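A closer look at the structure
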Amino acid sequence: MDAEQKHIADSGQFLTQLASRISYLADVIGDSRWYALDTLLEEVTFLRSAIFELPAKELFRRIKVLDERISILEDRAAKEITPVRMVNIVRSVQRFTLQDILENIYDSFTELGGEEDCNIDPAVVVARATISRRVKKKIYRHQVMVIGHEKGMGEEYRNGGCAKPWGNDKALRYMKVAETEGIPIHFFIFTPGSYPIEDFPGAAQQIARNIYAMSKLEVPMVSFISEGGSGGAEAIGLADMRLMASHGYYSVISPEGAAAIEGRIREGQKVPRELIEKCAEQLCMTAEDNLRLGTIDRIVQEPPLGARRDDYDFFKRLRFEMIKATDEVVLSTKSFRAFRAYALRRQVKKHPQDSTDDFGVHISWNLSDAEIERLLELRSQKYRAMGQGYIELKKQTIIDTSTLKDKTKETISRLYYEIKYGLLKPQKKNVQKVLQEVTGEGAAFLSNITEPVKAAVDFLAGPQEGARQYSDEAAQISIFNREWEQYVSPLANEDRTVSCPNAAKYGCLDLWVPDLYGEFCGVCPACGHHFPLEYQWYLQNLFDAGSVREFNNHIISGNPLKFQGLDARLNRDVQRTGRKSGIITFKAKLNGIKIVVAMPYSNFRSGTFGSAEGEKFIRACDLARTRRRPFIAYIHTTGGIRIQEGTLGVIQMPRCTMAVREYVDSGGLYIVVYDNNSYAGPVASFLGCSPYQVGIRSSRIGFAGPRVIRETTGQDVPPDYHSARNALMRGHIQGIWDRRDFRKNLYDALQTMGGPNLYYK
Amino acid sequence: MDLNLNELLRQYHANPYEDHEICTPHTGIVTFKVTEGQHTQGPSGQWLHKPGTLLFILERENNPKRITAKCNGQVAEIRHEFEGKFAEAGTPLLKIRHRLTKDEIIDRILTEVLTVFPAPQKARYYLPPDIASQMEKGGETSISIKPGDDVLIMSLMKRDTLLKYEGMPGIIYKVYFKAGDLVEQDAPLLGICPPENVQFVQKIIDRIKNEWED
Amino acid sequence: MKKERVLIANRGEIAIRIMMACEDLGCDYIVVYTQEDRHSLHVRRAREKGPEKRIYRISSYKDPNEIFAVADQAGATAIHPGYGFFSENFRFARRATLRTRPVTFIGPRWEVIRDLGSKINTKRVAKSLGIPVIPGSDAPIYSEIEAEALAEELFLQQREQGITSPSILVKASAGGGGMGIEEVKHLDTFRRIYRRIQNYAKRQFGDEGVLIEQCLTDYQHIEVQLLCDRHGTVIHFGTRNCTIQSTGRQKRVEVAPGFDPSVCNYSFDAPKVLDDITNYSVKLAREVGYDSAGTWEWVVTRDGSPYLLEVNTRIQVENEISACISRIRDREDIPVNLIREQIRAAMGEKLGFTQDDIFFEGTSIELRIVAEDVRRGFAPWCGTITKFEFPQEPWARLYSHVPMDKPYDIPTEYDPNLALAIIWGENTEEARERAASFLLKSTIEGKTAHDEPIITNLAYLYDRLEDVLQF
């Protein structure tokens, strides 16, 4: 074959490349006719078919022109990368996938839990892998667990990287394996979101379990986000170091989804393109936005139009970044500060810009027990601090002496409780241990000696509140004596009737509204259907009269991303409710038992969680921990994460879960009660992770509503898909409570689950 | 089995319509929402969770109730004199001319083929709980019965009586009533098919399916 | 009272009796009926009264929305609930009173219905007034120790009274209608039964409260008829004996007065017992501010101990036997009609007579004629009545919704009560003889859909006449 012949043959390959560059451009722009891309593609097709007909010279000239034009367009496109185009880049079939990462970054890997389509969930890939670094010609290998989403190269069975609930369960299983083996985990997030189905273990419940486990997983974790779709991303996203691809997106919702909500677009109608673009911008979903917001730690730079499968330089850089990030996580746990600083400086100095594979220093990724403790401490601090700068506090123009006094009181009491439960705890434990050993030997005659010690322990542990016998006052005096003194819903003040939605099935008669919302507590007496009641009803009827004390009312819902239109809506809700956030946190008593309650409610932005709501929840959790009180999350309604706060909303999932985990680990009793509607992020994290979850009758619990399920899975779900009954059947909740028995059931739950101290430790 | 299927089908072809009279379920003030000649649709969706065409609103004690169509058809006759007026319970308000569907034709023709268990008395009828739950799980044709089995509960003057099946052993092929319905004496309650006839019945169904266009 | 329009929210003979009382008072009325009842006499009678629209078809007698919708449409000013249905439903009475267009509820104030509707509450109030109630708990018990102590005491008390086989009842406090009740005959078995009932109550009603009371087995069922107005007048109309009941505790033969020592031997001072329970009833009525017609139900054991059972805050089926033996001084020529007086009281009128004006004369017996098979557990019968004939006597009144001039299908939706016969005699002996002859001269014919002849309780009633007033 002579040179020209070979050249022509190469041209064929080159033309194929040109075609893929054109289609990639079309993907990125989202328009196949942008600057006549379509005619360029026609030209490529023509040249390919005419490759042996055209004179060689003519062929080469036309290819060159094409190449130049495409290059110009690529430059132009690279300069105009808008958020929507980033989304397009991430969704392009030409973008690198986890498969490319496994092949190019790790030396060897073994896929776990299935391969290809023979897999419990092909959208989630887990591999045991080695990654190596060169230090002065010497190769060191690290063992790691790689967990990520595989979008595949167009294979249907990969489901576009949407993890099924059991896929996330697989991820969790291997996180625990890594923990057992003491090896770091590298997470790679390539998901538009989780597959929103409720089949066991359930989308939301499983994500919640993952986040809960990750919050205290005893190995270093580094995550890398290319496509971070809300809850699906968080399922494998809570890491000690979070990297993000420069052309990736990390968002609370897809721009299309946000646009459909913002524009109140009816199902099946087309969402205007401008609205999608606007939402993409407002959601602050790019790597730079996220870095600015503090929801990620570092950006990994990609080529100008984003990295594709064959961008080997990028893979090299990513490999360097993953090792470096893991190093930093490990080093941050070393108490040897000097060594830490030295190692980091050395690394930075030697390789200021470029990534090479010579690290100059080897760092072992094994951690000692003390280091693990530090790792967890740092992780806790990291998430506690995340996004805190965006929380709005009510400005106090007048110095309120009562709040000052409260503050002092608060500090003193906190100190008191810390001493009571914190400092004395180890000693108390020891005493108890001795006691157990003594009684274990059956040395009854020792009781004279041990009794005083035991008394001391009892004194320190405080009176055994829970052991008191409960006798409901209502049973002693006629119910009628109290009936009209109770709070009655304002809904009852109308002379009209309503029909029960189950009338066709159970023949329920129309209900007179004053009866329904008064005496019947909003419950149909024939079938037990619960009509929604306002949150005030619960404040008045659930707890001991006058015992509700709200706190942290100065933390108010804001608009950290300056999302257009949110301010007005917040204002409207403030006017309407007289409240400043979508959650009420308060101390209360239930038959004398002191409890802390967090209660998102429907009238304020549908009980969605933003920074303020998350912070209030965390502080309530902390208060319950320091005071050693049961913590009740009563969900009057939550619509999920407040999308207008973007990822600042999303990070409330790991943040609040961290707080809940620490509360439960310290021995706290955490009970979640769902009412009305509870959906999305909160259920998929700090609510769904509770060991005790119950639903109020007629409530709906789930991950995504029917419309989202229809749009993502193409399937219709039955009208009762999210009913409490089905949630119980699937094992997501542990019981269904009647509203009229709420108080009694909650009291019983505190007694049985709480044990004598209402705190299991 | 003697059955002139052709003749039956010819009759239904000649007049495939049935007039459904829509009455007020209870008292109230009527506001019509349809006009004569308008086409109506019954409940739809996979779980029949989308209500049918709104026919009229019946307002009683400040509760405007939406009365919707239970079947497809065409509004044939409206008693306009009730527009805006108080109607007593059970007042006929309009007629829907309904073209029988394939499934309805099959049901009707099958009463000639199946062994029918008729209502001994005008009463309310229920399926015994075990049969009802088995049916819910295994589908309508999952129950086989033999003489002496308790197959129905008849509720008369607040008293429940178990009814025993006396006919040939077979499977319950069709249930003609809804639980708790008031059924007139001698109206069919169950259609039973002996196992050896199942194929024959299936053949008839297939033929009707082929020959009847919805 | 001309302007009043009473909506009669009931069916059958009581609807007819209320209509008659309204006509007596000169006030208009409105009748409701269901499709099944379209041939009932109560509909026909209202239709025949005049051209004005008086009858309304409704979907159910039990749907309050239908009653109020018709009340507004027809411009009713008051609602008479009769007995059953809404008669003791305080929510219905409350709604009638509190709605934007109020309607007078012909019955006591709703608060009274509510408070006396709770047996526990009634028992507690009665106890506080020194009125005897069945020994036992007057509030739900939640503690086993407390329950055992009470059970022990109840057994001891019965032994002291010389009861040879004492027993107690353990009931779920939230239950009713015979569910969750067990009898304990030996103290040793108490704990097990108590726990069983407690678990049952918890499972069934979500409230593990349990009631314990002495089990009475040998007693007579005596009632005191009261009539009160909204101005503090409390008058009683003597007593009735309603001991003869079907197995389902449905009354079949009632007699007024409650005891008659002239024909029966009692081991106790019967007039004194009747006086006592009457006085107790009046005392409780005054205490709660009772303001309508009502019945105080008592049991009297073989040794003559009375216990208050409950209060029925409505007009009862058998009210007329009390009216039948009552005379009001200076108006002896007008028969006493308690329904009429009840309506007057509800409209706020003063009764206009006192207890001193009331005296009694003779004995009255009520016979409830029902299509039922007494030998098969009082099973209801249904079918078509073809002949329905009763003797005309000056001492007998008959109330029925069944037309006598054409065949009548008994509606299967309701109890097959056919007629009430009220018999009066100068003394118990005469009343009994007259009742017997009345029954013998009554003819009811009919057949079922399968051509089987009608079954009624005429023979049963005849047989039971002998037992009247006997312990």
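**Some remarks on the overall build of chain C**
Within chain C, the regular secondary structure consists of 13 helices and 23 strands. Expressed as lengths along the three principal axes of its C-alpha atoms, the size of chain C is roughly 70 × 55 × 55 Å. Taken across its 471 residues, chain C has 58% of its residues classed as buried. Partitioning the intrachain contacts of chain C with sequence separation of at least 6 by distance along the chain shows that 69% fall at a separation of at least 24. Surface exposure of chain C reaches about 19,500 Å², of which carbon and sulfur atoms provide 47%. For chain C, the distance from the average site of its 61 positive side-chain charges to the average site of its 70 negative ones is 5 Å.

**Focus on a negative patch on the surface**
All names here are of chain A. Taken together, the side chains of Glu218, Asp369, Glu373 and Glu377 present a region of like negative charge at the surface. Structurally, the position occupied by glutamate 218 is in the loop between helix 7 (203-214) and strand 7 (221-229). Since its relative accessible area comes to 39%, glutamate 218 is described here as partly exposed.

**Focus on the pattern of salt bridges**
All names here are of chain C. Per the counting criterion, the structure on display carries 111 salt bridges over all chains. Where lysine 119 meets glutamate 310, a salt bridge forms, and the shortest distance between an N and an O atom there is 3.6 Å. One end of the pair, lysine 119, is in helix 6 (residues 119-128); the other, glutamate 310, is in strand 13 (residues 306-312), and 191 residues separate them in sequence. Linking lysine 123 and glutamate 213 is a salt bridge whose minimum nitrogen-to-oxygen distance equals 3.5 Å. In this pair, lysine 123 is assigned in helix 6 and glutamate 213 in strand 8 (residues 210-214), connecting sequence segments 90 residues apart. One salt-bridge network, held together by shared partners, links Glu223, Arg240, Lys251, Glu254, Glu297, Glu318, Glu366 and Arg368.

**Brief notes about the environment of C:His80**
Residue and element names in this part refer to chain C. You can see histidine 80 is positioned in strand 4 (residues 78-80). Here the alpha-carbon distance between histidine 80 and isoleucine 235, two residues 155 residues apart in the chain, equals 21 Å. Not counting residues within four places of it along the chain, the set of residues in contact with histidine 80 comprises Val6, Leu7, Ile8, Ala9, Ile18, Ile106, Ile315, Ile339, Gln342 and Ile343.

**Let's talk about the packing of helix 1 (residues 3-29) of chain A against helix 2 (residues 37-49) of chain A**
All names here are of chain A. Two elements in contact, helix 1 and helix 2, have axes whose closest approach is 10 Å; the angle formed by their N-to-C orientations is 165°. Relative to helix 2, the element helix 1 lies roughly antiparallel. Considering only the axes of helix 1 and helix 2, their crossing is left-handed. Between helix 1 and helix 2, the residues in contact are Leu15, Thr16, Leu18, Ala19, Ile22, Leu25 and Ala26 and Leu37, Leu40, Leu41, Val44, Leu47 and Arg48, respectively. When grouped by side-chain class, the residues that make up the contact of helix 1 with helix 2 number eleven nonpolar, one polar and one charged.

**A few points about the domain arrangement of chain C**
Reports of interface size often rely on the accessible area that becomes lost once the parts have come together. Segmenting chain C into domains produces domain 1 (5-106), domain 2 (135-214), domain 3 (219-361) and domain 4 (364-467). The distance between the C-alpha centroids of domain 2 of chain C and domain 4 of chain C comes to 40 Å.

**Topic: the pairing of strand 13 (residues 159-164) of chain B**
Taken together, the six bridges between strand 12 (residues 150-156) of chain B and strand 13 of chain B define a ladder with antiparallel strand orientation. By the bridge assignment, B:Ile153 is partnered in strand 13 of chain B with B:Leu162.

**Looking at the interface of chain B and chain C**
The interface of chain B with chain C comprises 20 residues on the first partner and 33 residues on the second. Approximately 2,000 Å² of surface area, both sides summed, lies buried where chain B meets chain C, with 48% of it carried by carbon and sulfur atoms. Among the residues of chain B in contact with chain C, B:Glu61, B:Glu88 and B:Met157 are the three that bury the most area, contributing 35% of the side total. On the surface where chain B and chain C come into contact, there are six salt bridges. For C:Asp63, the salt bridge is made with B:Arg60, and the minimal N-O distance between the two is 3.2 Å. Joining chain B to chain C, the criterion identifies eleven residue pairs in polar contact (both at pLDDT 80 or more). Among the residues forming the side of chain B that touches chain C, the class breakdown is seven nonpolar, six polar and seven charged.

Definitions and cut-offs
Residues numbered from 1 in each chain as written. Chains lettered and ligands numbered in written order. Predicted model: local features only at pLDDT ≥ 70, side-chain atom pairs only at ≥ 80, totals over all residues. Heavy atoms only, no water. Helix = DSSP H or I, 4+ residues; strand = E, 2+ residues; numbered from the N terminus. Buried < 20%, exposed > 50% of the residue type's maximum accessible area, 1.4 Å probe, protein only. Contact = heavy atoms within 4.5 Å. Areas by Shrake-Rupley, 256 points an atom, 1.4 Å probe, with all protein chains shown as cover. Lys, Arg positive; Asp, Glu negative; His and termini not counted. Charge placed at Lys NZ, Arg CZ, Asp CG, Glu CD. Patch = residues over 30% accessible without salt bridge, like charges linked within 9 Å, V, L, I, M, F, W, Y side chains within 5 Å. Salt bridge = Lys/Arg side-chain N within 4 Å of Asp/Glu carboxyl O. Axes fitted to C-alpha atoms, helices over the stretch in contact; angles between N-to-C directions. Parallel < 35°, antiparallel > 145°, perpendicular 65-115°, else oblique. Left-handed = near helix turned anticlockwise from the far one by under 90°. Nonpolar A, V, L, I, M, F, W, Y, C, P; charged D, E, K, R; others polar. Domains from an automatic or database assignment. Pairing = 2+ DSSP bridges. Buried area = accessible area lost by both parts, 1.4 Å probe. Polar contact = N/O pair within 3.5 Å; in protein donor to acceptor, adjacent residues only side chain to side chain.

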